[in-house]
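One-letter residues, chain by chain:
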Amino acid sequence: MSAASTAESADFRGPLDITRAATVVLDAESTVIGWSPAAAELLGYGPSDALGRPLTAFLSVRPAGGTLPAEASGAAGPGPGPPSLVGNEIHVARTRDGRELLVATATCPLPGAAGASGPGTPDRILVAAEVEALLHWESRIALLQGLATQSPVGLAIYDTDLRLSWSNTAYEREMGQPLAAFRGKRAEELYGAGSFVTPGYPHTLAGVMRQVLDTGEPVLDLHFRGQPPSDPGRDHLWSCAYYRLEDAHGHALGVCEDAFDITDRYRVQERLTLLVEAGRRIGTVLDVATTAEEIAEVAVPDFAATVRVDVTRAAVTGETAAVGSPADMTLLRVAERSAPGSGTPDPGFPASGPTETGRPDPYRPGASPTVTDSPDPGRPETGPTKTGPTGNGATGSGPTATARGPAGPGGTNSPGGPGGPRQPYPPVDYPPGSPQNRSLSSGGLVLDEGTLVVPLRTGGGILGLVTFDRGEGSDASGRSPGPDRATTFDNGEVALADELAARAAVCIDNARRYTRERTASLALQRQLLPHHLPPQSAVETAYRYLPADDVTGVGGDWFDVIPLSGTRVGLVVGDVVGHGLQAAATMGRLRTSVRAFAQLDMAPDELLTRLDDLVGQPAEDRSDACGGAVETYDVTTGATCLYAVYDPVSRRCVMARAGHLPPAIVGPGGEVSFPDLPAGPPLGLGGLPFESMEIDLPVGSLLALFTDGLVEARDHDIGRGLDTLGQVLGDRSASLEELCDRAVSELVPGGTSADDTALLLVRTRALGADRVADWELTAEPVSVGRARELATGQLEAWGLEELAFATQLVVSELVTNAVRYAGGPLGLRLIRDRTLVCEVADTGHTSPHLRHSAADDEGGRGLFIVAQLVQRWGTRYTPTGKTIWTEQALPPAEAG
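Criteria and thresholds
Residues numbered from 1 in each chain as written. Predicted model: local features only at pLDDT ≥ 70, side-chain atom pairs only at ≥ 80, totals over all residues. Heavy atoms only, no water. Helix = DSSP H or I, 4+ residues; strand = E, 2+ residues; numbered from the N terminus. Buried < 20%, exposed > 50% of the residue type's maximum accessible area, 1.4 Å probe, protein only. Axes fitted to C-alpha atoms, helices over the stretch in contact; angles between N-to-C directions. Parallel < 35°, antiparallel > 145°, perpendicular 65-115°, else oblique. Left-handed = near helix turned anticlockwise from the far one by under 90°. Contact = heavy atoms within 4.5 Å. Phe/Tyr/Trp six-rings, centres within 6.5 Å; stacked < 30°, edge-to-face > 60°. Lys NZ or Arg CZ within 6 Å of the ring centre and 35° of its normal. Core = buried A, V, L, I, M, F, W, Y, C linked by side-chain atoms within 4.5 Å. Salt bridge = Lys/Arg side-chain N within 4 Å of Asp/Glu carboxyl O. Pairing = 2+ DSSP bridges. Patch = residues over 30% accessible without salt bridge, like charges linked within 9 Å, V, L, I, M, F, W, Y side chains within 5 Å. Areas by Shrake-Rupley, 256 points an atom, 1.4 Å probe, with all protein chains shown as cover. Arc of directions from axis to C-beta. pLDDT = per-residue confidence, 0-100. Nonpolar A, V, L, I, M, F, W, Y, C, P; charged D, E, K, R; others polar.

> Hey, could you run me through the overall build of the protein in this one?
A count of helices and strands for the protein gives 23 helices and 34 strands. For the protein, the residues scored as buried account for 48% of the 896 residues in total.

> Just to check I follow, could you spell out the packing of helix α10 (residues 263-281) against helix α11 (residues 288-299) for this structure?
When two helices pack together, their arrangement is given by the angle between the helix axes and the distance between those axes. Where α10 meets α11, the closest approach of the two axes is 10 Å, and the angle between their N-to-C directions is 155°. Between α10 and α11, the angle falls in the class roughly antiparallel. Relative to α11, the crossing made by α10 is right-handed. Every residue of α11 that contacts α10 at Leu 274, Glu 277, Ala 278 and Arg 281 is listed here: Glu 294, Glu 297 and Val 298.

> Is there a simple way to explain the packing of aromatic side chains in this structure?
For any pair of aromatic rings, the description consists of the separation of the ring centres together with the inter-plane angle of the planes. Evaluation of the coordinates by the stated rule reveals eleven aromatic pairs. An angle of 75° between the planes, with centres 6.1 Å apart, marks the rings of Phe 196 and Tyr 242 as edge-to-face. In this pair, Phe 196 is assigned in strand β9 (residues 195-196) and Tyr 242 in strand β11 (residues 236-246), connecting sequence segments 46 residues apart. Grouped by ring-pair contacts, the aromatic residues Tyr 191, Phe 196, Phe 224, Trp 238 and Tyr 242 constitute a single cluster. Above the plane of the ring of Phe 489 lies Arg 470, whose end atom (NZ or CZ) is 4.2 Å from the centre.

> I tried to follow unusual backbone geometry on my own but got confused; where do I start?
Keep in mind that most residues, glycine aside, have a negative phi and that most peptide bonds are trans. The amide bond that connects Val 300 to the next residue, Pro 301, takes the cis arrangement and shows omega of 5°. Mapped onto the secondary structure, Pro 301 falls in the loop between α11 and β13 (306-312). One non-glycine residue, Glu 449, adopts positive backbone phi at about 55°. Inspection of the secondary structure puts Glu 449 in the loop between β16 (446-448) and β17 (451-458). Residue Glu 449 is classed as exposed on the basis of its relative accessible area of 67%. Phi at Thr 567 takes a positive value of approximately 65°, unusual for a residue other than glycine.

> Whenever I open this one, the nonpolar core confuses me. Can you help?
Where a protein is soluble and globular, its nonpolar side chains tend to be buried together. Within the largest apolar cluster, 48 residues are counted, with the highest numbers of intra-cluster contacts made by Trp 558, Leu 571, Val 594, Leu 607, Tyr 643, Leu 683 and Leu 703. Setting aside residues no more than four positions away along its own chain, Val 594 makes contact with Trp 558, Ile 562, Val 572, Leu 607, Leu 611 and Tyr 643. In this structure, Leu 274, Leu 332, Ala 339 and Ala 501 belong to the second largest nonpolar core, which totals 41 residues.

> What exactly am I supposed to notice about the pattern of salt bridges here?
A side chain with one charge may pair with a side chain of the opposite charge, provided their charged atoms come close. Per the stated rule, a full pass over the model turns up 35 salt bridges. Arg 438 is the partner of Asp 448 in a salt bridge, and the nearest nitrogen-oxygen pair spans 3.7 Å. One end of the pair, Asp 448, is in strand β16; the other, Arg 438, is in helix α13 (residues 435-442), and ten residues separate them in sequence. Taking the relative accessible area as the measure of exposure, Asp 448 reaches 32% and is therefore partly exposed. Judged by relative accessible area, which is 34%, Arg 438 ranks as partly exposed. Among the ionic contacts, a cluster of salt bridges with common partners joins Arg 267, Arg 271, Arg 470, Asp 490 and Glu 493.

> What am I meant to see in the sheet that holds strand β24 (residues 664-666) here?
The pairing of strands in a sheet comes from backbone hydrogen bonds and takes either a parallel or an antiparallel form. With respect to topology, five strands assemble into an open sheet ordered β19-β29-β28-β24-β25, the strand pairing being antiparallel. Bordering the open sheet on either side are β19 (539-546) and β25 (672-673), each of which pairs with just one other strand. When strand β28 (residues 702-706) meets strand β29 (residues 757-764), the two strands line up antiparallel, connected through five bridges. Counterpart to Leu 703 in the pairing with β29 is Val 762. Along the sheet, helix α18 (residues 718-729) contacts β24, β25, β28 and β29; its crossing angle with β28, the most-contacted strand, is approximately 145°. Across the sheet, helix α19 (residues 736-747) lies against β19, β28 and β29, angled at about 25° from β19, the strand it touches most.

> What is the right way to read a nonpolar patch on the surface from this model?
Taken together, the side chains of Phe 805, Leu 809, Leu 850, Phe 864, Ile 865 and Leu 869 present a nonpolar region at the surface, about 530 Å² in accessible area. For the nonpolar patch, the secondary structure elements donating two or more residues are α21 (804-821) and α22 (862-869). The dominant element in the nonpolar patch, judged by the number of residues it contributes, is α22, at three residues. Here Ile 865 shows up in helix α22. Here Ile 865 falls in the partly exposed class, since its relative accessible area comes to 43%.

> Sorry if this is basic, but what is going on with the environment of Gly 578 here?
On the secondary structure map, Gly 578 appears in the loop between β21 (569-575) and α15 (581-599). A sequence separation of 60 residues divides Gly 578 from Gly 638, and the C-alpha atoms of the two residues are 9.7 Å apart.

> In this structure, what is going on with helix α9 (residues 205-215)? I would like to understand it.
Note: α-helices contain 3.6 residues per turn, so residues at a spacing of three or four share the same orientation. For α9, the set of buried residues is Leu 205, Ala 206, Val 208, Met 209, Val 212 and Leu 213. Looking down the long axis of α9, one finds its buried residues gathered within 165° of arc, a one-sided arrangement. Check the buried side of α9 and you find it contacts β7 (154-159), α8 (187-190), β9, β10 (219-226), β11 and β12 (252-261). Directly beyond the C-terminal end of α9, a positive phi value near 75° is found at Gly 216.

> So what exactly am I meant to see when it comes to the sheet that holds β11 here?
Spatially, six strands are ordered β8-β7-β12-β11-β10-β9 in an open sheet, and the strand pairing comes out antiparallel. At either end of the open sheet lies a strand with only one pairing partner, and these are β8 (164-167) and β9. The sheet contact formed by β7 and β12 spans six bridges and is antiparallel. Considered in β12, the bridge of Gly 154 is made with Ala 259.

> Help me out: how do you make sense of the pairing of strand β4 (residues 88-94) in this one?
A regular strand places its side chains so that they alternate between the two faces of the sheet. When you tally the buried positions in β4, you get five out of seven residues, the bulk of the element. Judged from the two bridges that link them, strand β3 (residues 59-60) and β4 form a sheet pairing that is antiparallel. Bridge assignment links Ser 60 to a residue of β4, and that residue is Val 92. Relative to strand β5 (residues 100-109), β4 is paired through seven bridges, and the arrangement is antiparallel. The residue of β5 that forms the bridge with Val 92 is Leu 102. Hairpin connection between β4 and β5: a loop of five residues separates the two successive antiparallel strands, and Gly 98 in this loop has a positive phi of roughly 95°.

> Hey, could you run me through the confidence of the model for the protein in this one?
Detailed reading of the predicted coordinates is not advisable wherever pLDDT is low. When pLDDT is averaged across the protein, the result is 79; 79% of the residues are at 70 or more. Below a pLDDT of 50 lies the segment residues 473-484, which in the model reaches 32 contacts outside its immediate sequence neighbourhood of four places, other chains included. Residue range residues 625-633 is modelled with pLDDT below 50. Its contacts to residues more than four positions away, or to other chains, number five contacts.

> I tried to follow the packing of helix α20 (residues 782-798) against α21 on my own but got confused; where do I start?
Viewed as axis vectors pointing N to C, α20 and α21 meet at an angle of 150°, and their least axial separation amounts to 9 Å. Between α20 and α21, the crossing angle belongs to the class labelled roughly antiparallel. In the packing of α20 onto α21, the handedness of the crossing is right-handed. Together, Ser 783, Val 784, Ala 787, Arg 788, Ala 791, Thr 792 and Leu 795 of α20 and Ala 804, Thr 807, Gln 808, Val 811, Ser 812, Val 815 and Thr 816 of α21 make up the contact between the two elements. Split into classes, the residues belonging to the contact of α20 with α21 amount to seven nonpolar, six polar and one charged.

> Would you take a moment to explain the side chain of Thr 764 for this structure?
Looking at where Thr 764 falls in the secondary structure, it is placed in strand β29. Excluding residues within four positions of it along the chain, Thr 764 makes contact with Ala 538, Val 539, Tyr 646, Leu 697, Pro 698, Val 699, Gly 700 and Ser 701.

> It is not clear to me how the pairing of strand β22 (residues 640-647) should be interpreted in this structure. Could you clarify?
Of all the eight residues making up β22, eight are buried; the element is thus mostly covered by neighbouring parts of the structure. Burial along β22 is two-sided: the face carrying Thr 640, Leu 642, Ala 644 and Tyr 646 and the face carrying Cys 641, Tyr 643, Val 645 and Asp 647 are both buried. Bridging between β21 and β22 involves seven bridges; their strand directions are antiparallel. Each residue of the ladder has a partner; that of Asp 575, found in β22, is Thr 640. Alignment of β22 against strand β23 (residues 652-658), held across seven bridges, turns out to be antiparallel. What sits directly across from Tyr 643, in β23, is Ala 656.

Listed below in structure tokens is the structure:
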């Protein structure tokens, strides 16, 4: 907009104002005797052309068409203008160039003209202006009138001394009195306790207006918070604009203030912001206590002065949500947060006085809530305090959750201090008639003055209660109170609290379901993992297992030590893909399968082949059952496994792996190596065979089997983890238990990680020559007697004469079968360990079977007799044939 148009729009003189209108002086006969420059400009006639001519030469009553426009026909009559104007008339004016203009006219008689009415004597003055200009001016006048009387925006004018000189009707309504009652007052006298909250500007009214007066720069949308005189005790928020008023010469006359009350809009925006913040901060982890704390943190102090979250014991422990009467719901105080300076009584602990946070101090003698001997029928029953879910998801190995104690710094209830041990959650007991008890009884929200109780509902059940308490005063936080922060809750705030509780209920229910699944998974996993490793003559063992963190969930890492025939031992470690109950169940299935296959004395590569076939079978079965439809991903597929067999007699270890990390081997001198073990595919993928590797392990060697959760983390790769593990295991002076602790502390410093961790350390031993005796025999009948003599002599040398008779029968039967059904050479070996092991090897590949002989059978009873004399027996296949082995219990004196 140009400067000229701006000045024109700011000129509020009417079009019929004599200083700007076309002015004509007429005598009594309507002859023109005076002609103004504005008239010459409007009609194009100069004074010489107009003087002495009748007025009708320039104005006609009707336009050329014979009718007036509709808007003009009704415009005649009194209208705006100076008081001396008697009325406006609409005429058609003819310009010098022949155009017709629709003009409005007004006449004003001259004083004293009534007595001198002769020709040429001034009788009256006529002013004329275009009708369009008149209508435009009238709309501007109506605008000013509307701003003064009808506008909802408060307008006020302050002079250069910042005293109020004028205000419109809206401003008067805010003040609650007419303008005359407060005209001349300064801004601070009207809103002394208010201040601007928009950053970057002065906080006071005087400061902002003085800045506008000095700089001439207008300001827009400054937020001012204060209490209007018409509504004391209740804060409002205004959006204000200020600009300097100047006269025609540019001199400052004062400041104009435009103020619009945006309290309702601000509150809606504040609620929306709170909902957005709740969506961002509530439910960040699958933990009931953390979720309860998050809703309290979100709501205090912006929404309430105190928030208490009580959750049913069933929700804390992961059980189904309560659907019975209030007496069936035991509530635990899981979270509480209060703004500084707030103090509201807690009806959940009626026997104790409130602390600064409004709840009893559980650490004060006699303040802990107790159960009455005869509880009221409508009262929630409370029992002895139970330990809540453990800090790592009820694993039993982490810190326990804690009761909400007195508020710590900043109003946060810090149980035991940051990082301190968590205490059990205290039960709460709400008396009949309390808002909480009424909410439990009705299942709906209850509003009682400044207290709002909202149930945590999900799936038709109640998970707990959230109590929002405004307390006393407009704001309990000690800071500048928020706009319209009342001590009670309006309908919009009730709906907001219900939405907050609904979101929290969904998150708590998810956490409850997760707690239930995690607890079941951990229980299943701990039942399936070995509770202890029995002592072995072949090896010394130590192990560590760490479950995954609460976020990731229970994993499927596992390990085992399996005693095998011939004093050998099977070592296994594996990892199942995924987490949760299914992973734990899959781990148990794989561990059971490995133990079953290992008892068949399979070689490591053959065992993994059978296990791979077993893993691939369930997916095929489900596909056939569903008509070939593809089912969800099976966590068994992709599982990894490492299986090794160590023989303390030969001091050799045979191992094979299915997609698993190779073991770490530490020699007697402390040198660490990771053997280049052939890497087979993970289980269930198939396509490639598994290969074994045989390694000599000197006595005292250390073998470490582990899962990737030990050596891989978010902050480092596997290579770095393997290097750290090698450095830890290289200390030959440390015991296996010390090495386990060091490895875990170095590689999993927090105690938990995103993946569970399994570590099995094995230190090898060897059986001395004095405990092993072996002989080679020919496949001839005479060898049966020779075998009995050799066995008897060795037992006498070991002092095991008590076992001579049974051993002779066993050796005779096994050697006889070898001579009769297999070929030579034959091998006989006796091992004195925790049991007496007797082995007969031959070159045959058929295994004897135990059967019941009929009464008239001449044979078939020998193996049955052997089975009755020994603890267990079996067949082990070798590259050159097979070995039949038996184990007999040593006499009590020798076994001890």
